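Here's the letter readout for the chains.
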Amino acid sequence: MTDTPRLGARVMALIDDLARHTDEPGRLTRLYLSPAHRATAEAVLGLMREAGLAARIDAAGSVVGRLEGREPGLPALVLGSHIDSVVDAGRYDGPLGVAAGLAVAEEVRARGLALPFALEVVAFGDEENVRFPTSLSTSKAWAGQYKPDWLEGRDAAGTTLREALAQFGGDPDGIPALARKPGTVAGYLEVHIEQGPALEAAAQPVGVVSGIVGLTRARCTVTGEANHAGTVPMGMRRDALAAAAEMALAVERLGEAMPGAVATVGSLTVVPGAVNVIPGRIDFTLDVRAAEDADRDALFAAIGAECRAVAQRRGVGFIAETFMDNAAVALDPGLQAALDRAARRLGHAPLRLASGATHDAVAMAVLGPAAMLFVRCRGGISHNPAESITLEDADAATRVLLGTVLDLAGL
Ligand code: HGY
Ligand code: MN
Ligand code: MN
Ligand code: MN
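Residues numbered from 1 in each chain as written. Chains lettered and ligands numbered in written order. Predicted model: local features only at pLDDT ≥ 70, side-chain atom pairs only at ≥ 80, totals over all residues. Heavy atoms only, no water.

An unreviewed UniProt entry annotates the chain as Allantoate amidohydrolase of Methylobacterium variabile.

Shown next, in the form of structure tokens:
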């Protein structure tokens, strides 16, 4: 058994330190380019520099630190995850991977190791894609996926991504230059909470991710007729909310009918939203995922057809605008094997398990070999303040990550 969970204690302390930064007192909400994101990015920047990494906050608001290998300019093994969160979030989704990467970089430096690759640690700024229509995570900019029209997307308050980036101190014009030249990324390893029950059920602290499900996201609008709640007979209404409710139930029913798939209406806004006005418009989001891309496409099409049928029957309008369409990603067998070896050397029997959540690893897999290590989380709970992991599991995961880096370095 290893000595005291020193690395785990470092990781948990870093996570607790970053958890202080929230945009909403009393709960953890840290949306992309918010003041809390800025404070967190600056805290991570300081930690990276203290660890001896050459670090900066990049044009898109992510924090990137680099430790050169045995000679300058080598391709980088990138460790990290994201520091943005969902609303009323847990503190481990994202920061665990950043803290584990930082702890490993600190250990490599403390041991004075000269690796055959550079080591980069990254804290991506917009993995969750909660604030703006399109997620502008640096992983996408690195992979050359960035599109300038993303800057015109607006958040719920009507602020454009361009305005928010300028307020944050980012550089909209500097984003295209973030695209990384081929060969500059030797690999990407992300430690992340499982956000599911499998590792707890298997009594294992860590698991190697086999692949990441494909995902389609759309913004839907139902257009009825706002009218007086007291004077319009029930049979003469074009109630957008009643129609949307029927659509949401269809999403649930069709999602259940497709094995291995999930479908969610995550947000819904009633317009105008007054007690005595029949809802005239509903905006809702759709998130459809499946292990097989053909299943996801079929489910998404079935949902669209059902929503249009409901709209027809009820005399309301319906439009859906797809804003994300990620194919399923198979992760790199070589890196998966290295994670597996490191875990077994530490006495674990790591599961192989698919990720129902999406991650920055999807874009990073475009740049080079990418792999993920899942960490057991209590009750599988995530996207919830009850999200939690143990010190021992944080230690186990960080030691597996360190062991993998040393394995890849031939040490
Ligand atoms: O939605 C997801 O799967 C991730 O948490 N962003
Ligand atoms: Mn995450
Ligand atoms: Mn998440
Ligand atoms: Mn009135």
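Further notes follow.
Q: Mind laying out the UniProt feature "binding site: Zn(2+) 1" (unreviewed entry) in the chain, listing which residues take part and the relevant values?
A: The sites that carry the UniProt feature "binding site: Zn(2+) 1" (unreviewed entry) are, in the present numbering, His82, Asp93 and His192. Taken together, the annotated residues stretch across 111 residues yet fold into one region, lying no more than 9.7 Å apart by C-alpha. Residues from the annotated list that form part of the lining of the largest pocket: His82, Asp93 and His192. Here Asp93 is to be found in the loop between strand S3 (76–82) and helix H3 (95–110). With sequence-adjacent residues up to four places away left out, Asp93 is seen in contact with His82, Asp84, Glu128, His192, Ile193, Gln195, Ser382, His383 and Glu387. A polar contact of 3.1 Å, which involves the side chain of Asp93, links it to the side chain of Gln195. (UniProt positions renumbered as here; feature names shortened; annotations may be inferred. 1 Å grid on protein atoms, 1.4 Å probe; cavity = no way out; pocket = protein on both sides within 12 Å on 5 of 7 lines; lining within 4 Å. Helix = DSSP H or I, 4+ residues; strand = E, 2+ residues; numbered from the N terminus. Contact = heavy atoms within 4.5 Å. Polar contact = N/O pair within 3.5 Å; in protein donor to acceptor, adjacent residues only side chain to side chain.)

Q: Any chance you could break down the site of ligand 1 for me, citing the residues and the numbers?
A: Contacts to ligand 1 come from Glu127, Glu128, Arg217, Arg289, Ala357, Thr358 and His383. At 3.0 Å from a nitrogen atom of ligand 1 is found a side-chain nitrogen or oxygen belonging to Glu128. Interatomic distance of 2.8 Å between a side-chain N/O atom of Arg217 and an oxygen atom of ligand 1. In isolation ligand 1 has 210 Å² of accessible area, and contact with the protein removes 93% of it. When each cavity is represented as a set of grid points, ligand 1 is found to reside in the largest pocket. Of the residues assigned to the shell around ligand 1, the class counts are 1 nonpolar, 2 polar and 4 charged. (Near = heavy atom within 4 Å. Areas by Shrake-Rupley, 256 points an atom, 1.4 Å probe, with all protein chains shown as cover. Sits in = over half its atoms within 2 Å of the grid points. Nonpolar A, V, L, I, M, F, W, Y, C, P; charged D, E, K, R; others polar.)

Q: Report on the layout of surface pockets, specifying residues and quantitative values.
A: Over the atoms rolls a probe the size of a water molecule, and in doing so it shows where empty space is left. The computed volume of the largest pocket comes to approximately 1400 Å³. Every residue lining the largest pocket is counted, 50 residues in all, and those nearest its centre are Glu128, Asn129, Val130, Ser267 and Thr285. Of all the secondary-structure elements, those providing two or more residues to the lining of the largest pocket are strand S7 (214–223), strand S9 (261–264), strand S10 (268–271), strand S12 (281–290) and strand S15 (351–355). If one sorts the elements of the lining of the largest pocket by residue count, S12 sits on top with 7 residues. If you count residues domain by domain, the lining of the largest pocket takes at least three from each of domain 1 (6–213 + 328–409) and domain 2 (214–326). Computed from the structure, the second largest pocket encloses a volume of approximately 330 Å³. In this structure, the second largest pocket is lined by 20 residues; those nearest its centre are Lys140, Gln145, Met324, Asn326 and Val362. Secondary-structure elements contributing two or more residues to the lining of the second largest pocket are helix H4 (138–142), strand S13 (317–326) and helix H10 (361–367). Broken down by class, the residue content of the lining of the second largest pocket amounts to 7 nonpolar, 8 polar and 5 charged. (Points joined across faces, edges and corners; volume = space filled by probe spheres on them. Domains from an automatic or database assignment.)

Q: Could you give an account of the UniProt feature "binding site: Zn(2+) 2" (unreviewed entry) in the chain, naming the residues involved and the relevant values?
A: Within this structure's numbering, the places UniProt gives as "binding site: Zn(2+) 2" (unreviewed entry) are Asp93, Glu128 and His383. Over a stretch of 291 residues, the named residues converge on one spot in the fold, their C-alpha atoms separated by at most 10.3 Å. Of the annotated positions mentioned, Asp93, Glu128 and His383 line the largest pocket. Looking at where His383 falls in the secondary structure, it is placed in the loop between strand S16 (370–375) and helix H11 (391–408).

Q: An account of the packing of aromatic side chains is needed here, citing residue identities and associated values.
A: By the definition in use, this model includes 5 aromatic pairs. Here the aromatic rings of Phe124 and Tyr188 are separated by 6.3 Å at their centres, their planes lie at 55 degrees, and the arrangement is tilted. Separated by 64 residues along the polypeptide, Phe124 in strand S4 (residues 118–124) and Tyr188 in strand S5 (residues 185–193) bring together distant segments of the chain. This pair shows no difference in class: Phe124 is buried, exactly as Tyr188 is. Here a set of aromatic residues connected by ring pairs shows up, and it is made of Phe124, Trp142 and Tyr188. (Phe/Tyr/Trp six-rings, centres within 6.5 Å; stacked < 30°, edge-to-face > 60°. Buried < 20%, exposed > 50% of the residue type's maximum accessible area, 1.4 Å probe, protein only.)

Q: Report on the confidence of the model for the chain, specifying residues and quantitative values.
A: Caution applies to low-pLDDT regions: their predicted coordinates should not be interpreted in detail. Per-residue confidence for the chain gives a mean pLDDT of 97, with 99% of residues at or over 70. Across the whole predicted complex the pTM is 0.92, and at the interface the ipTM reaches 0.89. (pLDDT = per-residue confidence, 0-100.)

Q: Now, about the coordination of the manganese ion (ligand 2): what can you tell me, with residues and values included?
A: Only His82 (NE2), Asp93 (OD) and His192 (NE2) from the protein reach the manganese ion (ligand 2) as donors, at distances of 2.1 to 2.2 Å. The manganese ion (ligand 3) is placed at 3.4 Å from the manganese ion (ligand 2), the two being bridged by Asp93. A residue pair is termed long-range when its members are at least 10 positions apart, and His82 in strand S3 and His192 in strand S5 qualify at 110 residues. Of the two residues, His82 and His192, neither departs from the other in class, the shared state being buried. (Donors = N, O, S within 2.8 Å, 3.2 Å for Na, K, Ca; no water.)

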